[in-house]
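Results of the structural survey
The primary structure of each chain is shown beneath.
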Amino acid sequence: MMDRDPADIFGETLLAEPPRAHAPAGCVVVSVCITCKSADGNAVIGPEMFDAVKAALGETEARVMVRPVQCLGVCKRPATVAVTSPDGYTFLFGDLQTETGTAALLSFVQSYQKSDYGLVPWRERADVLRKGMVARVPPMRWSPDDGRAPK
């Protein structure tokens with residue numbers, strides 16, 4: 001993947017994290033689809049996911065808003081959750097289970113808040129989020145000429 005850290009690719013270990021000059025400034029918004037159904041279509045699983053994510057993030061994380069949304073359009077990969085901020089990347093994850101997905105999202109949001117433009121390094125994403133990533137959308141403030149991340 002193109003967003004992997006060069007140290008991951010070449011097997012180098014970095015001893016210290018560089019300071020993040022462009023961490024998302026606004027509130028991180030976690031949108032949970034409440035209309036998601038189980039893979040067999042027999043049960044609505046979205047509300048359970050929303051309740052779990054709200055309990056894990058909504059009360060404990062500063063500057064995080066967890067909100068229910070009607071369909072994120074990834075119906076073949078329930079449960080679906082989006083993470084975004086006004087000046088950061090938007091990540092869309094599918095195939096999330098309540099227990100493992102919630103724990104992974106908590107860790108992801110904490111990393112998102114510290115990463116430049118919310119671009120969480122691949123190595124900091126839980127396996128369930130690596131496998132479940134549907135899309136990564138750049139922030140509105142983008143560097144369109146060369147396609148690299150904003151500066």
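Scroll up to find the structure this text is about.
Residues numbered from 1 in each chain as written. Predicted model: local features only at pLDDT ≥ 70, side-chain atom pairs only at ≥ 80, totals over all residues. Heavy atoms only, no water.

1. Quick notes on the packing of aromatic side chains
Counting across every chain of the model gives six aromatic pairs. Relative to F91, the ring of Y89 lies with its centre 6.4 Å away and its plane at 40 degrees, an arrangement referred to as tilted. With respect to burial, Y89 and F91 carry one shared label: buried. When the centroid spacing of 6.4 Å and the interplanar angle of 80 degrees are considered together, the rings of F91 and Y112 count as edge-to-face. Placement of the pair is F91 in strand β4 (residues 90–93) and Y112 in helix α3 (residues 98–114), with a sequence separation of 21 residues. Exposure class is identical for F91 and Y112. Each is buried. (Phe/Tyr/Trp six-rings, centres within 6.5 Å; stacked < 30°, edge-to-face > 60°. Buried < 20%, exposed > 50% of the residue type's maximum accessible area, 1.4 Å probe, protein only. Helix = DSSP H or I, 4+ residues; strand = E, 2+ residues; numbered from the N terminus.)

2. Section: the pattern of salt bridges
Note that side chains of opposite charge can pair when their charged atoms are close. Per the counting criterion, the structure on display carries two salt bridges. Here R77 and D95 are joined by a salt bridge, their closest N and O atoms 2.7 Å apart. You can see R77 sitting in the loop between β2 (64–69) and β3 (81–84) and its partner D95 sitting in the loop between β4 and α3, a full 18 residues away along the chain. A relative accessible area of 22% places R77 in the partly exposed class. For D95, a relative accessible area of 35% gives the class partly exposed. Between D127 and K131 there is a salt bridge, with the nearest N and O atoms lying 3.2 Å from each other. (Salt bridge = Lys/Arg side-chain N within 4 Å of Asp/Glu carboxyl O.)

3. Concerning the pairing of β4
Of the strand pairs in this sheet, β3 and β4 are connected by three bridges, and their pairing is antiparallel. In the sheet register, A82 faces β4, and the bridge partner there is L92. Linking two consecutive strands that pair antiparallel, namely β3 and β4, is a turn of five residues. Relative to strand β5 (residues 133–137), β4 runs antiparallel, the two sharing four bridges. Across the sheet, T90 pairs through a bridge with V137, a residue of β5. (Pairing = 2+ DSSP bridges.)

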